[in-house]
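Here are the chains, one letter per residue:
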Amino acid sequence: MPKPPEKGQVVLVTGAAGGIGAAIAELAIARGHRVLLTDVDEEAVLARAHTLGGRAAAHALDIRSPADWNTAFDAARARFGAVDVLVNNAGITHTGTARDLRPQQHRDIVEINLLGTITGVCTAIERMTAQGHGHVINVCSMTSFLPLPGYATYGATKHALRAFHHSVAIEERDGPLDFTIVHPPSTRTGMLDQEMADPSSAIAFAEKSYAPERIAEAVVDAMTAKPVEVVFPPFAGRFQRAVGVFPRLMRRVIPLVEAKGLRERERLRAAQGIPAAGNRRTSQKGS
Ligand SMILES: NC(=O)c1ccc[n+]([C@@H]2O[C@H](COP(=O)([O-])OP(=O)(O)OC[C@H]3O[C@@H](n4cnc5c(N)ncnc54)[C@H](O)[C@@H]3O)[C@@H](O)[C@H]2O)c1
């Protein structure tokens, strides 16, 4: 079966009501693709798609639900044709140390970030193999290389997602599918706002954050270039990966980076007129 042209592909994006997913949808449409924006928040994703013109449509999709995945793929096919590219972007975090999160919060993070994404990848493998082509792009995180305080379960899901992604890509190497994984650093979305409100996630502020449009550029570029893996920033990202390989080094370096993040968070809060208070991690031993 012939491959579709590089431009004008049919793209399904999850978590597209806001943040990085909305930016991916907007840029993909600007580059001539047709996009089914999906999200668990149906009202918000409908409103977002409404602003993007005739090459956009919206559909409710809770990525935890296998039935939702099937109806979303069917909806894309009915509106634009078979899905050429799946962008698995939806994800959540609950800020707080592992000891402070409720059991259900740990479960939510795993069920959405890991099991939901796995369900999407498996749905795509079945459908795209049957049609003879397809590209799965998983939006993961730099925390998949480096365990960070304040991100225990979140980082665990991203480590696991990276392992799943590459295992599947190797399993499917003789099939017709392409696989790309993209690792954003701190990105200015609702997720970062959530982290700003909680000092236990201050390490997110140790480095400069990116605009969601910058991450979208990498993801939409990947639809044609099909890289195996994209890290941010290209140089410092490599350093972070290296630190993650050496546990003793990691134990020494990360508290220093976290202290820098706490200072930077305080500076940003002051710039926003937020009073300085509670700038300590809530669950530090002995505090
Ligand atoms: N913002 C960052 O700093 C950052 C850094 C690294 C990686 N990421 C990753 O990028 C992706 C997008 O994050 P973001 O910052 O745009 O987050 P965001 O919170 O701005 O947007 C996430 C979207 O996912 C949707 N969503 C939540 N649960 C869902 C579910 N069960 N099914 C379908 N949709 C669901 C939300 O409604 C929301 O529209 C996530 O996978 C996140 O882990 C973000």
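Everything below is about the structure shown above.
These remarks concern the structure in this document. (Residues numbered from 1 in each chain as written. Predicted model: local features only at pLDDT ≥ 70, side-chain atom pairs only at ≥ 80, totals over all residues. Heavy atoms only, no water.)

Points about the packing of helix 4 (residues 103-131) against helix 5 (residues 152-171)
Stated precisely, the cut-off is as follows: Orientation is described by axes fitted as lines to C-alpha atoms, over the contacting stretch for helices, and by angles from 0 to 180 degrees between their N-to-C directions. Under the DSSP-based scheme used, a helix requires at least four consecutive residues in state H or I and a strand at least two consecutive residues in state E, with every element numbered from the N terminus. Should an angle lie under 35 degrees it is considered roughly parallel, over 145 roughly antiparallel, and from 65 to 115 roughly perpendicular; all remaining angles are considered oblique. Should the near helix be turned anticlockwise from the far one by less than a right angle, the crossing is left-handed, and should it be turned clockwise, the crossing is right-handed. Contact definition: two residues touch when any of their heavy atoms are within 4.5 Å. Residues are grouped as follows: nonpolar covers Ala, Val, Leu, Ile, Met, Phe, Trp, Tyr, Cys and Pro; charged covers Asp, Glu, Lys and Arg; every other residue, Gly included, is treated as polar.
Interhelical geometry of helix 4 versus helix 5 gives an angle of 15 degrees and a closest axis separation of 9 Å. Here helix 4 lies roughly parallel to helix 5, going by the angle between them. Considering only the axes of helix 4 and helix 5, their crossing is right-handed. Contacts between helix 4 and helix 5 pair His106, Ile109, Val110, Asn113, Leu114, Thr117, Ile118, Val121, Cys122 and Ile125 from the former with Thr153, Tyr154, Thr157, Lys158, Ala160, Leu161, Phe164 and Val168 from the latter. Looking at the contact of helix 4 with helix 5, its residues break down into twelve nonpolar, five polar and one charged.

Re the nonpolar core
Stated precisely, the cut-off is as follows: To qualify as a nonpolar core, a set must consist of buried Ala, Val, Leu, Ile, Met, Phe, Trp, Tyr and Cys residues joined through side-chain atoms within 4.5 Å. Exposure classes here rest on a 1.4 Å probe applied to the protein chains alone. A residue is buried below 20% of its type maximum, exposed above 50%, and partly exposed in between.
Residues Ile24, Val35, Leu37, Val87, Ile137, Val219 and Met223 are the most contacted members of the largest nonpolar core, which totals 31 residues. Counting only elements with at least two residues in this core, the list comes to strand 1 (10-13), helix 1 (19-30), strand 2 (34-39), helix 2 (42-50), strand 4 (85-88), strand 5 (134-139) and helix 7 (212-225). Residue contributions to this core peak at seven residues, all from helix 7. Of all hydrophobic cores here, the second largest spans 25 residues; its members include Leu36, Phe73, Phe80 and Ala90.

Some remarks on the site of the ligand
We apply this condition: Put simply, a residue is near a molecule or strand once any heavy atom of it comes within 4 Å of that molecule or strand. Think of a polar contact as two N or O atoms within 3.5 Å of one another; within protein, one of them needs to be a possible hydrogen donor and the other a possible acceptor, and neighboring residues in sequence only count if both atoms come from side chains. Per-residue and other accessible areas follow the Shrake-Rupley method at a 1.4 Å probe size, with only the shown protein chains counted as cover for residues.
Surveying the vicinity of the ligand reveals 28 residues, the closest of which are Ile20, Asp39, Asn89, Tyr154 and Thr189. Measuring from an oxygen atom of the ligand, one finds a side-chain N or O atom of Asp39 at 2.6 Å. Surface burial for the ligand is 89%, taken as the share of its 830 Å² of free accessible area covered by protein chains. Broken down by secondary-structure element, the contributors of at least two residues to the shell around the ligand are helix 1, helix 5 and helix 6 (190-196). Along the lines of polarity and charge, the residues of the shell around the ligand split into 14 nonpolar, ten polar and four charged.

A look at empty space enclosed by the protein
In this approach a probe as big as a water molecule rolls over the atoms, and the regions it shows empty are the leftover space. Our working rule: Definitions used for this entry: grid spacing 1 Å over protein atoms alone; cavity, a set of points where a 1.4 Å probe fits but cannot get out; pocket, an open set with protein on both sides within 12 Å along at least 5 of 7 lines; lining residue, one with an atom within 4 Å of a point. Grid points are joined across faces, edges and corners, and a volume is the space filled by probe spheres set on the points.
Using the criterion set out here, one finds one cavity of 30 Å³ or more in the structure. Taken as a whole, the largest cavity encloses approximately 50 Å³ of empty space. The wall of the largest cavity is formed by 13 residues, among which Gly96, Leu101, Tyr151, Ala152 and Thr153 lie closest to the centre. Those elements that provide at least two residues to the lining of the largest cavity are helix 4 and helix 5. At three residues, helix 5 tops the list of elements feeding residues into the lining of the largest cavity. Split into classes, the residues belonging to the lining of the largest cavity amount to six nonpolar, seven polar and no charged.

Overview of helix 3 (residues 66-79)
Put simply, the test is: Here the expected length of a helix is defined as 1.5 Å per residue gap, with one fewer gap than residues. By definition, the arc is the one covered by directions from the helix axis to the C-beta atoms.
The terminal C-alpha atoms of helix 3, which comprises 14 residues, lie 20 Å apart, in line with the 20 Å expected from a rise of 1.5 Å per residue. If you check which residues of helix 3 are buried, you get Trp69, Ala72, Phe73, Ala75 and Ala76. Projected down its long axis, helix 3 carries its buried residues within an arc of 160 degrees, all on one side. Turned more than 90 degrees from where helix 3 packs its buried face, Ala67 and Ala78 sit exposed. Close packing links the buried residues of helix 3 with strand 1, strand 2, strand 3 (56-60), strand 4 and helix 4. One or two residues past the end of helix 3 sits Gly81, with phi positive at roughly 115 degrees.

Details of the pattern of salt bridges
For clarity, the cut-off: A pair is scored as a salt bridge if a Lys or Arg side-chain nitrogen falls within 4 Å of a carboxyl oxygen belonging to Asp or Glu.
This model, assessed by the stated rule, comprises seven salt bridges. For Asp221, the salt bridge is made with Arg31, and the minimal N-O distance between the two is 2.9 Å. Taken as a pair, Asp221 in helix 7 and Arg31 in the loop between helix 1 and strand 2 lie far apart in primary sequence, 190 residues in all. Given the relative accessible area of 33%, Asp221 is considered partly exposed. The class of Arg31 is partly exposed, set by a relative accessible area of 30%. Bridged by salt links that share partners, the residues Arg162, Glu229 and Arg241 form one connected network.

Some points on the sheet that holds strand 5
Note the threshold: Strand pairing requires that DSSP identify at least two bridges connecting the strands.
Reading across the sheet, the seven strands line up as 3-2-1-4-5-6-7 and stay open at both edges, with parallel pairing between neighbours. Bordering the open sheet on either side are strand 3 and strand 7 (229-231), each of which pairs with just one other strand. Between one strand axis and the next, the sheet turns through 15 degrees on average, direction left out of account. Sheet topology note: the strand 1/strand 2 ladder contains four bridges and is parallel. Paired with Val11 across the strands is Val35, a residue of strand 2. On top of the sheet, helix 1 reaches strand 1, strand 2, strand 3, strand 4 and strand 5; it is set at about 165 degrees to strand 2, its chief contact. Sitting on the sheet, helix 5 is in contact with strand 5, strand 6 (177-183) and strand 7, with an inclination near 160 degrees to strand 6.

Treat this as a map of the structure, not an account of what it does.
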